[in-house]
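Coordinate inspection notes
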Amino acid sequence: MQIDRLLYPITTLGPGERLVVWTIGCSKQCQNCANPELWGKNLSKNIEVKKLAGLIKQAINNKTIDGITFTGGDPLEQADEMSKLLPLLKEFTEDILVYTGYSFDDIKKTDEWEHLEQFVSVLIDGPYIDELNDNKCVLRGSTNQNIIYLNKNIKNKYLEYLQKERSIQNVFYRDRMISVGIHKKDL
């Protein structure tokens with residue numbers, strides 16, 4: 001699986017203190033994407049799924065986490081690997097949030113969906129469309145994207161989180177500052 005970074009604790013990509021995983025590879029290449037550096041594949045960042053699960057366990061290091069968020073790139077461009085990884089993460093949290101540029105209807109037609117649906121708690125689907133960024137929703141970049149609750153037990157936690165305004169968390173990573181969160185569009 002191609003992974004760019006793991007960061008914890010992140011509070012701007014889902015409720016609570018979360019571990020966030022940035023995958024590599026996205027064929028959508030949306031205009032004004034927040035992470036265009038993650039579009040192209042990068043074989044030098046390949047990591048075996050079991051080793052990645054071990055790194056996630058090490059990053060958490062017996063802390064209580066509120067959830068895990070997958071973003072990118074597009075995590076579902078590595079759907080086969082995701083279907084192997086997600087079951088290994090259930091011991092840490094029941095709250096796994098996945099961002100994807102694919103529509104929910106298209107995802108449900110894939111062979112991997114049967115394996116993914118039981119482990120993904122919340123799915124945010126659809127490509128980012130810059131013209132539809134209304135600077136409002138804390139969890140999605142543009143209004144065409146849907147927030148799909150697959151685990152109804154955590155829906156209230158998300159509904160409460162959705163009352164917040166967008167915010168950015170600046171993190172020093174690999175000798176540079178990165179901004180994490182759903183960015184506001186300059187008007």
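Residues numbered from 1 in each chain as written. Predicted model: local features only at pLDDT ≥ 70, side-chain atom pairs only at ≥ 80, totals over all residues. Heavy atoms only, no water.

1. Topic: the sheet that holds strand β6 (residues 146-149)
The six strands lie next to each other as β1-β2-β3-β4-β5-β6, forming an open sheet whose pairing is mixed. Where the open sheet ends on each side, the last strands, each with one partner, are β1 (3-10) and β6. On average, adjacent strands in this sheet sit at an angle of 15 degrees to one another, irrespective of strand direction. In this sheet, strand β3 (residues 67-71) lies alongside strand β2 (residues 18-23) in parallel orientation, the contact comprising five bridges. Each bridged residue has a counterpart across the sheet, and for W22 the counterpart in β3 is T71. Packing of helix α1 (residues 49-60) onto the sheet brings it into contact with β1, β2 and β3, and relative to β1 it is tilted by some 25 degrees. Running over the sheet, helix α2 (residues 79-89) touches β3 and β4 (96-99) and is turned about 165 degrees from β3. (Pairing = 2+ DSSP bridges. Helix = DSSP H or I, 4+ residues; strand = E, 2+ residues; numbered from the N terminus. Axes fitted to C-alpha atoms, helices over the stretch in contact; angles between N-to-C directions. Contact = heavy atoms within 4.5 Å.)

2. With respect to the packing of aromatic side chains
Enumeration over the complete set of coordinates arrives at two aromatic pairs. Centroid distance F104 to W113: 5.6 Å. Interplanar angle 85 degrees. Geometry classified as edge-to-face. The same class applies to F104 as to W113, namely buried. When the centroid spacing of 6.2 Å and the interplanar angle of 70 degrees are considered together, the rings of Y149 and Y158 count as edge-to-face. In this structure Y158 comes out as buried when scored by relative accessible area, which is 0%. In this structure, R5 is placed above the aromatic ring of W22, and the distance from its NZ or CZ to the ring centre is 4.6 Å. One Lys or Arg, K28, reaches over the ring of Y102 and ends 3.5 Å from the middle of that ring. (Phe/Tyr/Trp six-rings, centres within 6.5 Å; stacked < 30°, edge-to-face > 60°. Buried < 20%, exposed > 50% of the residue type's maximum accessible area, 1.4 Å probe, protein only. Lys NZ or Arg CZ within 6 Å of the ring centre and 35° of its normal.)

3. Examining the packing of α1 against α2
It is the contact of α1 with α2, at a shortest axis distance of 9 Å, that shows an interaxial angle of 35 degrees. Handedness of the α1/α2 crossing: right-handed. Contact with α1, carried on its side by V49, K50, L52, A53 and I56, involves E81, K84, L85, L88 and L89 of α2 and no other residues of that element. Its residues assigned to classes, the contact of α1 with α2 comprises seven nonpolar, no polar and three charged. (Left-handed = near helix turned anticlockwise from the far one by under 90°. Nonpolar A, V, L, I, M, F, W, Y, C, P; charged D, E, K, R; others polar.)

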